Amino acid sequence: MKAFYAEEQKRHDPRAFLSSGAAQPNPEKPERIERLLVGALSAGCTIERPRDHGLGPAAAVHTPEYLDFLEHIYARWQRIKGASAEVIPNIHPIARNGSYPASAVGQAGYHMADTACPISGETWQSALWSAWSAVDAAEAVISGAPAAYALCRPPGHHAFADVAGGFCFINNSAVAAQVLRKQAARVAILDVDLHHGNGTQGIFYARPDVLTVSLHADPVRFYPFFWGHADERGEGPGLGYNFNLPLPRKSADAAFLEALETAFQRIRAFSPDALVVALGLDAFEGDPFGGLSVTTPGFSRIGEAIAKLDLPTVIVQEGGYLCDELGDNLTTFLTGFGGKMR
Ligand SMILES: [Zn+2]
């Protein structure tokens, strides 16, 4: 299987992270890439550098003012006397139907959902290359590959059309789905990350052409708290095209695989032409976030089960944080998935 990744994706190196109000080192570290590369190579992937696709693919799922914000906010922030080294918001609008703020501080609050997505001078380029990895993986599938892997980092599934959040800036899974739409009339996105894919849900919430399905730790007591509940089903023409499967904390392989079968029923009923797997590996029992308890062999079974959908598939890396097994978990997922490929 082809895998896509660019060196520039390592440059973004966020420092700050607030967890329950306490300053912690940011867990979305560039070292994740090294571990995931080893995992992809061990699964037999060939690594390719993505091409420069310009702003088009990101602009297909994000607003122009948001992309302009991501590109320029760091330089503007540095001109504020006494400002932090990274862009971190300190005020958010309660409702988003007011006027658009002109100031850097106001725009940071408007376009950033939380404090887990600090923006440095390197963030924009890393996020763009991460998205371009997703574009080329989708292009490979359009060109006839049964599957391709995008080693996306920074991740994307918490990024809405005009809001960053949870380590995410450009929504790589949404970008991949939108690229697939050039050829596929219907695309399903299956998000198996520990956390609900709220940004992906938001981007496609009113659309019937992209089905969004997410398995995740129940947000009633887990990030992202305000999204990911079972009663969020889409709106307008998209009503019925969003499907959330919240799982009790510490759910292990059996419960995860059972929920996956429920997800497959919904996906088969939708009859998609292509699939995007938003592959978080943080549902692992040893992941620092500790929300679910999927085992390393469990990822192999998850990969094997998804392959049985027998759809052209773009696998987009989402979360999964530093632990000894991070690379192995990717290898076992890809091997399980590949073992069933025709
Ligand atoms: Zn996650």
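Here the structure is a predicted model, which is why all the values come from computation and not from measurement.

Peer 1: Can you help me understand the coordination of the zinc ion in this one?
Peer 2: Four donors placed tetrahedrally about a metal ideally form angles of 109.5 degrees, and six donors placed octahedrally ideally form angles of 90 or 180 degrees. With distances of 2.0 to 2.1 Å, the protein atoms coordinating the zinc ion are Asp-193 (OD), His-195 (ND1) and Asp-282 (OD). When the donors of the zinc ion are listed by position in the chain, the intervening gaps give D-x1-H-x86-D. Here Asp-282 lies in the loop between strand S9 (274-279) and helix H9 (296-307) and His-195 lies in the loop between strand S6 (187-191) and helix H7 (198-204), a separation of 87 residues in the sequence. Here the two residues His-195 and Asp-282 agree in accessibility, since each one is buried.

Peer 1: What am I meant to see in the pairing of strand S10 (residues 313-317) here?
Peer 2: Consecutive side chains of a regular strand alternate in pointing toward one face of the sheet and then the other. Counting buried residues in S10 gives five out of five residues, a clear majority hidden from the surface. When strand S5 (residues 147-150) meets S10, the two strands line up parallel, connected through four bridges. When the bridges of S10 are listed, Ala-147 appears paired with Thr-313. Bridge count for S9 against S10 is five bridges, and the pairing is parallel. Bridge assignment links Leu-279 to a residue of S10, and that residue is Gln-317.

Peer 1: Got a minute to help me understand the sheet that holds strand S1 (residues 2-4) in this structure?
Peer 2: In any sheet, the strands associate via hydrogen bonds between backbone groups, in a parallel or an antiparallel arrangement. Read from one edge of the open sheet, eight strands run S4-S1-S5-S10-S9-S6-S7-S8, paired in parallel fashion. At either end of the open sheet lies a strand with only one pairing partner, and these are strand S4 (46-48) and strand S8 (242-247). Averaged over all adjacent pairs, the angle separating strand axes in this sheet is 20°, with direction ignored. Sheet topology note: the S6/S9 ladder contains five bridges and is parallel.

Peer 1: In this structure, what is going on with the side chain of Thr-331? I would like to understand it.
Peer 2: The topology assignment puts Thr-331 in helix H10 (residues 326-339). Judged by its relative accessible area of 14%, Thr-331 falls in the buried class. At a separation of 2.8 Å, a polar atom in the side chain of Thr-331 contacts the main-chain carbonyl oxygen of Gly-39. Here Thr-331 is in contact with Gly-39, Ser-42 and Ala-43, once residues within four sequence places are set aside.

Peer 1: Even after reading the chapter, I still don't get the side chain of Asn-242, so can you show me in this structure?
Peer 2: On the secondary structure map, Asn-242 appears in strand S8. Classification of Asn-242 as buried rests on a relative accessible area of 4%. Among the polar contacts made by the side chain of Asn-242, one reaches the side chain of Gln-201 at a distance of 2.9 Å. A polar contact is formed between the side chain of Asn-242 and the side chain of Thr-212, at a distance of 2.6 Å. Each residue touching Asn-242, except ones within four places of it in the same chain, is listed here: Gln-201, Tyr-205, Leu-211, Thr-212, Glu-232, Arg-233 and Gly-234.

Peer 1: Can you walk me through helix H3 (residues 64-78) in this structure?
Peer 2: Helical geometry note: an α-helix holds 3.6 residues per turn, so side chains three or four residues apart project in the same direction. Its 15 residues give H3 an end-to-end C-alpha distance of 22 Å, which sits within 8% of 21 Å, the value for a rise of 1.5 Å per residue. Of all the residues in H3, the buried ones are Tyr-66, Leu-67, Phe-69, Leu-70, Ile-73 and Trp-77.

Peer 1: Please clarify how the environment of Val-316 should be interpreted in this entry.
Peer 2: For Val-316, the location among the structural elements is in strand S10. Put simply, Val-316 and Arg-153 are 163 residues apart on the chain and 9.6 Å apart in space, counted from C-alpha to C-alpha. With residues near it in sequence (within four places) discarded, Val-316 still touches Ala-150, Cys-152, Asn-172, Ser-173, Ala-176, Val-276, Val-277, Ala-278 and Leu-279.

Peer 1: I would appreciate a short explanation of the packing of aromatic side chains in the present structure.
Peer 2: How two aromatic rings sit relative to each other is set out by the distance from centre to centre and by the angle between their planes. Evaluation of the coordinates by the stated rule reveals 12 aromatic pairs. Considering the side-chain rings of Phe-284 and Phe-299, the 6.5 Å spacing of their centres and the 45° angle between planes classify their relative orientation as tilted. On the criterion of sequence distance, the pair formed by Phe-284 in the loop between S9 and H9 and Phe-299 in helix H9 is long-range, its members being 15 residues apart. Take Phe-299: its relative accessible area is 2%, and that puts it in the buried class. Between Arg-49 and the ring centre of Trp-129, over which it is positioned, the NZ or CZ distance is 4.3 Å. Just above the ring of Tyr-110 sits the side chain of Arg-96; from NZ or CZ to the centre is 4.1 Å.

Peer 1: Quick question: what am I supposed to make of the UniProt feature "domain: Histone deacetylase" (unreviewed entry) in the protein here?
Peer 2: Sequence positions flagged by UniProt for "domain: Histone deacetylase" (unreviewed entry) are, in local numbering, residues 27-334. The span residues 27-334 is 37% helix and 12% strand, and its two end C-alpha atoms sit 24 Å from each other.

Peer 1: What's the story with the packing of H3 against helix H4 (residues 104-111) in this structure? I'm lost.
Peer 2: Packed helices, taken two at a time, are described by their axes: the angle between them and the distance between them. For the pair H3 and H4, the least separation of the axes is 10 Å and the interaxial angle reads 135°. In terms of orientation, H3 and H4 fall into the oblique class. In terms of crossing hand, the pair formed by H3 and H4 is left-handed. On H4, the residues that touch Glu-65, Tyr-66, Phe-69, Ile-73, Arg-76 and Trp-77 of H3 are Ala-104, Val-105, Gln-107, Ala-108, Tyr-110 and His-111. Of the residues in the contact of H3 with H4, the class split is eight nonpolar, two polar and two charged.

Peer 1: How do you make sense of unusual backbone geometry when you look at a structure like this?
Peer 2: Note: most peptide bonds trans; most residues except glycine with negative phi. For the bond from Arg-153 to Pro-154, the omega torsion is 5°, close enough to zero to count as cis. Note on placement: Pro-154 falls in the loop between S5 and helix H6 (172-180). Going from Tyr-223 to Pro-224, the amide bond is cis rather than trans, its omega being 10°. On the secondary structure map, Pro-224 appears in the loop between strand S7 (210-217) and S8. Backbone geometry places Ser-271, a non-glycine residue, at a positive phi of 55°.

Conventions we followed
Residues numbered from 1 in each chain as written. Predicted model: local features only at pLDDT ≥ 70, side-chain atom pairs only at ≥ 80, totals over all residues. Heavy atoms only, no water. Donors = N, O, S within 2.8 Å, 3.2 Å for Na, K, Ca; no water. Helix = DSSP H or I, 4+ residues; strand = E, 2+ residues; numbered from the N terminus. Buried < 20%, exposed > 50% of the residue type's maximum accessible area, 1.4 Å probe, protein only. Pairing = 2+ DSSP bridges. Axes fitted to C-alpha atoms, helices over the stretch in contact; angles between N-to-C directions. Polar contact = N/O pair within 3.5 Å; in protein donor to acceptor, adjacent residues only side chain to side chain. Contact = heavy atoms within 4.5 Å. Expected span 1.5 Å × (residues − 1). Phe/Tyr/Trp six-rings, centres within 6.5 Å; stacked < 30°, edge-to-face > 60°. Lys NZ or Arg CZ within 6 Å of the ring centre and 35° of its normal. UniProt positions renumbered as here; feature names shortened; annotations may be inferred. Parallel < 35°, antiparallel > 145°, perpendicular 65-115°, else oblique. Left-handed = near helix turned anticlockwise from the far one by under 90°. Nonpolar A, V, L, I, M, F, W, Y, C, P; charged D, E, K, R; others polar.

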